[in-house]
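Summary of structural features
Each chain is listed here by its residues.
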Amino acid sequence: MNILERIAKVDRRIIFLLVGLAAIIPLLFPIGLPVDITQPVKSVYDTIEALPEGSIVVVSVDYDPGSEAELFPATLAFIDHCFRKNLRVYMMGLWPAGIPLGNIVFEELAPKYNKVYGVDYINVGYKPGGAVMLLSLGRNVADVVATDYAGVPIDSFPLGKAVKSAGDISVVMTFSAGDPGILHWIIYFNARFGTTICGATTAISAPRQYQYLASGQLTGLLGGLKGAAEYETLVKRKGRATAGMDSQSIVHVLIVIFIIIGNIILIYERRKK
Amino acid sequence: MLETIGVWIAALLTLAIYSFLYKDNPFYKVAEHIFVGVSAGYWAVVLWSNFAWPNLFEPLVRQGNLWYIIPIIVGFMMFAPLFPKINWLVRIPLTFTMGVSMALFVLQIVQGDILPQLQATFLPLAGVSPFQFISNLLIILGVIFTLIYFYFSKEHKGVLGGAAKIGIWFMMVSFGASFGYTIMARISLLIGRLYFLLHNWLRLI
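Model, not experiment: these values are computed from the prediction. (Residues numbered from 1 in each chain as written. Chains lettered and ligands numbered in written order. Predicted model: local features only at pLDDT ≥ 70, side-chain atom pairs only at ≥ 80, totals over all residues. Heavy atoms only, no water.)

**Looking at the overall build of chain B**
The condition that has to hold: To qualify as a helix, a DSSP run of H or I must reach at least 4 residues; to qualify as a strand, a run of E must reach at least 2; elements of each kind are numbered from the N terminus. Exposed residues in this analysis have more than 50% of their type's maximum accessible area, buried residues have under 20%, and partly exposed residues fall in between, with area computed by a 1.4 Å probe over protein chains only. Throughout, a residue-residue contact means that at least one pair of heavy atoms, one from each residue, lies within 4.5 Å. Positive charges come from Lys and Arg alone, negative charges from Asp and Glu alone, with His and the N- and C-terminal ends not counted. Where a charge lies is defined by one atom per residue type: Lys uses NZ, Arg uses CZ, Asp uses CG and Glu uses CD.
Scanning chain B from N- to C-terminus turns up 6 helices and 0 strands. The N-to-C order of helical and strand elements in chain B reads α-α-α-α-α-α. Dimensions along the principal axes, computed over C-alpha positions, put chain B at roughly 65 × 60 × 35 Å. Counting the 205 residues in chain B, one finds 25% classified as buried. Sequence-distant contacts, at least 24 apart, represent 23% of the contacts inside chain B between residues at least 6 apart. Computed over 11 positive and 6 negative side-chain charges, the inter-centroid distance for chain B is 7 Å.

Laid out in structure tokens, this is it:
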């Protein structure tokens, strides 16, 4: 049995172990590989940079802990940017489990920038109904939002009173892991009310969104952990996504090597037959 | 203290799930069953407290708005097929659902998806930079050749067959990009869990 035949019969658990090590070692000993900025991510950054102070940004937390690894670092970097720019953040969610994750971001960042709940930021909670809800929200927010996530009447907050319809919203930023999510915001909210939509989505969903970037319906996009790392780089806030990019790159190299070896073995076996 | 306990439970369950990579084992099965049970319980609470109670039962019970009995009755009609004598009643909620869906989705998807995407395909080839020319041409040809592949009213032979083959190549590039992103997503999830174990649990980073 030659070396190629031996590799072809290698136990898959050895491959799992190698992938695990390739992910763990760079986390323990960071290499600091550079993170290139792509245009879709730069567009999100530029959109926020261009907003005047006090503008209202809707942050829709449309994911749950299953996608937290990719989308939570992006949420953290984005809201950090909004607070730094003195924008007002109006958080809501199309997924119920996203709301507590959004609150964790506020708990971490609000004290850092001395932001006041109800004035500079608010969380109006989970809003069911998908497309129907978004259309109602754009026409008249009061039809959909009566209280914040804790059940306090929305009119008791200055920021709650400030958002009456889509016209009061400067940008919608959706952190989306699927359905309902970024597509609903694009197809229903942007098409109906013309509001600028930016998005962050899981890497699996990212290719589907590029057509909307090309058509201009989506202004910018953070795709997966890479997009989050790029945004962290832009806002100069090295976080979990940047830390993970070393691992991401090393594992990708390893997978490419596996694919090449696999193909060499395949060609060898075909010729042998 | 509570947070520490939570972190330990999450870490041990994470390791139990990953133990499946070695082989199927009781630790994995316990974690799997806990996940399914917790998910079912969580969704039961969410459906009641976020959907049913605030949208239906609260206006009916607390505010005494009797109109809300109608959606409850219409909702119960969904179970009509269980009773052969009145199974025709299911048509009422189904018709209502279909009507709303048609009104909402057809118009909005045409306005919000199909038309803007068509518009985005009609790209200029004159008066643009060489890079933009190539980019626009690729999009136009990609759409045309891919659509030809899905034209089944004529046998894929000759020019049509050749164009359909080019369409396959465009789709292969698209699938390759999607596959690459899929790998990135899976690795990101692994990194997320490893970060949790190394940072929140072991405090090594």
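Let's pick the thread back up.
**Considering a nonpolar patch on the surface**
Residue and element names in this part refer to chain B. What counts here: Note on patches: the residues involved have over 30% relative accessible area and no salt bridge, like charges join within 9 Å, and the nonpolar side chains Val, Leu, Ile, Met, Phe, Trp and Tyr join within 5 Å. Here, Shrake-Rupley sampling with a 1.4 Å probe gives the accessible areas, and only protein chains in the shown set may cover a residue. Within this document, salt bridges are pairs made up of a side-chain nitrogen of Lys or Arg and a carboxyl oxygen of Asp or Glu, the two lying within 4 Å of each other.
On the surface, F76, M78, F79, L82, F83, I86, W88, I92 and L94 cluster together to form a nonpolar patch covering roughly 960 Å² of accessible area. Its location among the elements puts L94 in helix α4 (residues 91-121). Given a relative accessible area of 42%, L94 falls into the partly exposed group.

**Structural notes on the nonpolar core**
Residue and element names in this part refer to chain A. Going by this rule: Among buried residues, the Ala, Val, Leu, Ile, Met, Phe, Trp, Tyr and Cys ones that are joined through side-chain atoms within 4.5 Å form a nonpolar core.
Grouped together as the largest cluster of nonpolar side chains are 92 residues, with contacts concentrated most on F78, Y90, W185 and Y231. Element by element, the count of residues in this core is highest for helix α4 (residues 68-84), at 9 residues. Those residues in contact with Y90, other than ones at most four positions away along the chain, are I56, V57, V58, V59, I122, V124, V141, V145, L159 and V163.

**Some points on the sheet that holds strand β2 (residues 88-93) of chain A**
Residue and element names in this part refer to chain A. Test applied: We call two strands paired when DSSP finds no fewer than two bridges between them. Orientation is described by axes fitted as lines to C-alpha atoms, over the contacting stretch for helices, and by angles from 0 to 180 degrees between their N-to-C directions.
The 6 strands are arranged β3-β2-β1-β4-β5-β6 in an open sheet whose pairing can be described as parallel. A single partner strand is all that each edge strand has here, and the edge strands are β3 (121-126) and β6 (220-223). Averaged over all neighbouring strand pairs, the angle between strand axes comes to 15°, with direction disregarded. Relative to β6, strand β5 (residues 196-201) is paired through 4 bridges, and the arrangement is parallel. If you follow A200 over to β6, its bridge partner there is L222.

**Focus on the pairing of β5 of chain A**
All names here are of chain A. Note the following rule: For crossovers, right-handed means that the path from the first strand over the helix to the second runs clockwise, given strands pointing away from the viewer.
Within β5, 5 of the 6 residues are buried, which leaves the element mostly enclosed by the surrounding structure. Taken together, the 6 bridges between strand β4 (residues 171-176) and β5 define a ladder with parallel strand orientation. Bridge pairing in β5 places T174 opposite G199. Where the polypeptide runs from β4 across helix α8 (residues 182-193) and back to β5, its parallel neighbour, the crossover connection is right-handed.

**Description of the UniProt feature "transmembrane region" (unreviewed entry) in chain A**
Residue and element names in this part refer to chain A. What counts, and what does not: UniProt positions are given in the numbering used here, feature names are shortened, and annotations may be inferred rather than shown by experiment.
UniProt annotation of "transmembrane region" (unreviewed entry) refers to residues 14-33 and 250-268 when read in the numbering used here. Within the segment residues 14-33, helix and strand shares are 75% and 0% respectively, and the terminal C-alpha atoms sit 26 Å apart. Note that residues 250-268 is 100% helix and 0% strand, and that its end C-alpha atoms are spaced 27 Å apart.

**Focus on helix α2 (residues 26-61) of chain B**
Here is the rule: By definition, a residue's bend is the angle between the axes fitted to the seven residues ending there and the seven starting there.
The largest bend in α2 of chain B amounts to roughly 65° and is located at W53 of chain B, with the proline P54 of chain B lying one to four residues further along. Those residues of α2 of chain B that fall on the buried side of the exposure criterion are Y28, A31, V46, L56, P59 and L60 of chain B.

**Quick notes on helix α10 (residues 224-234) of chain A**
Within α10 of chain A, 9 of the 11 residues are buried, leaving the element largely enclosed by the surrounding structure. In this structure, the buried residues of α10 of chain A make contact with α3 (39-49), α4, β5, β6 and α11 (240-272) of chain A together with α6 (158-201) of chain B. One or two steps after α10 of chain A, the chain reaches K236 of chain A, where phi turns positive at roughly 55°.

**What about the side chain of E230 of chain A?**
All names here are of chain A. Under the convention used in this document: A 3.5 Å cut-off defines polar contacts: any pair of N or O atoms within that distance qualifies, except that in protein one atom must be a possible hydrogen donor and the other a possible acceptor, and neighbouring residues in sequence count only when both atoms are side-chain atoms.
Position of E230 relative to the elements: it lies in helix α10. With a relative accessible area of 2%, E230 lands in the buried category. Engagement of the side chain of E230 in a polar contact is seen with the side chain of K226, the distance being 2.7 Å. With sequence-adjacent residues up to four places away left out, E230 is seen in contact with V35, D36, I37, T38 and V41.

**Considerations on the packing of α2 of chain B against helix α3 (residues 69-77) of chain B**
Residues and elements named next belong to chain B. The test is simple: The labels follow the angle: roughly parallel below 35 degrees, roughly antiparallel above 145, roughly perpendicular from 65 to 115, and oblique for the rest. Asp, Glu, Lys and Arg are counted as charged, while Ala, Val, Leu, Ile, Met, Phe, Trp, Tyr, Cys and Pro are counted as nonpolar; the rest, among them Gly, fall into the polar class.
As a packed pair, α2 and α3 sit with axes 9 Å apart at the nearest point and diverge in direction by 130°. As far as their axial angle goes, α3 and α2 are oblique. Residue-level inspection shows L56, F57 and L60 of α2 in contact with α3, the latter providing I69, P71 and I72. Its residues assigned to classes, the contact of α2 with α3 shows 6 nonpolar, no polar and no charged.

**Re the environment of G75 of chain B**
With respect to the helices and strands, the residue G75 of chain B is situated in helix α3. Sequence spacing of G75 of chain B and Y149 of chain B is 74 residues, and the spatial spacing of their C-alpha atoms is 44 Å.

**Focus on the interface of chain B and chain A**
Quick reminder of the rule: What gets called buried area is simply the loss in accessible area from a 1.4 Å probe that two parts show on being joined, summed for both.
Counting residues at the interface gives 38 residues for chain B, matched by 43 residues for chain A. Between chain B and chain A, roughly 3500 Å² of surface is buried when both sides are summed, and carbon and sulfur atoms account for 73% of that area. Together, Q108, Y181 and I191 of chain B form the three largest contributors to the area buried by chain B at its contact with chain A, with a combined 17%. For the pair chain B and chain A, the interface holds 0 salt bridges. Where chain B meets chain A, there are 9 residue pairs in polar contact (both at pLDDT 80 or more). Contributions of two or more residues to the side of chain B that touches chain A are made by α2, α4 and α6 of chain B.

**Focus on the UniProt feature "transmembrane region" (unreviewed entry) in chain B**
Residue and element names in this part refer to chain B. With numbering aligned to this structure, UniProt lists the feature "transmembrane region" (unreviewed entry) at residues 6-22, 34-53, 65-83, 90-110, 130-152 and 159-177. For residues 130-152, the end-to-end C-alpha separation is 35 Å, with 87% helix and 0% strand making up the annotated structure. The span residues 159-177 shows a helical share of 100% and a strand share of 0%, and its end C-alpha atoms are spaced 28 Å apart.

**A look at the pattern of salt bridges**
Residue and element names in this part refer to chain A. Applying the stated criterion to the full structure yields 12 salt bridges over all chains. Among the salt bridges present, the one from D80 reaches R237, with a minimum N-O distance of 2.8 Å. Of this pair, D80 sits in helix α4 while R237 sits in the loop between α10 and α11, placing them 157 residues apart in sequence. An identical accessibility class is assigned to D80 and R237; each is buried. As a salt-bridge pair, K226 and E230 come within 2.7 Å of each other at their nearest N and O atoms. Remark: E230 and K226 occur in helix α10; sequence separation between them is 4 residues, near one turn of the helix. Since its relative accessible area comes to 23%, K226 is described here as partly exposed. The structure contains a network of salt bridges with shared partners spanning D80, R84, E108, K112 and R237.

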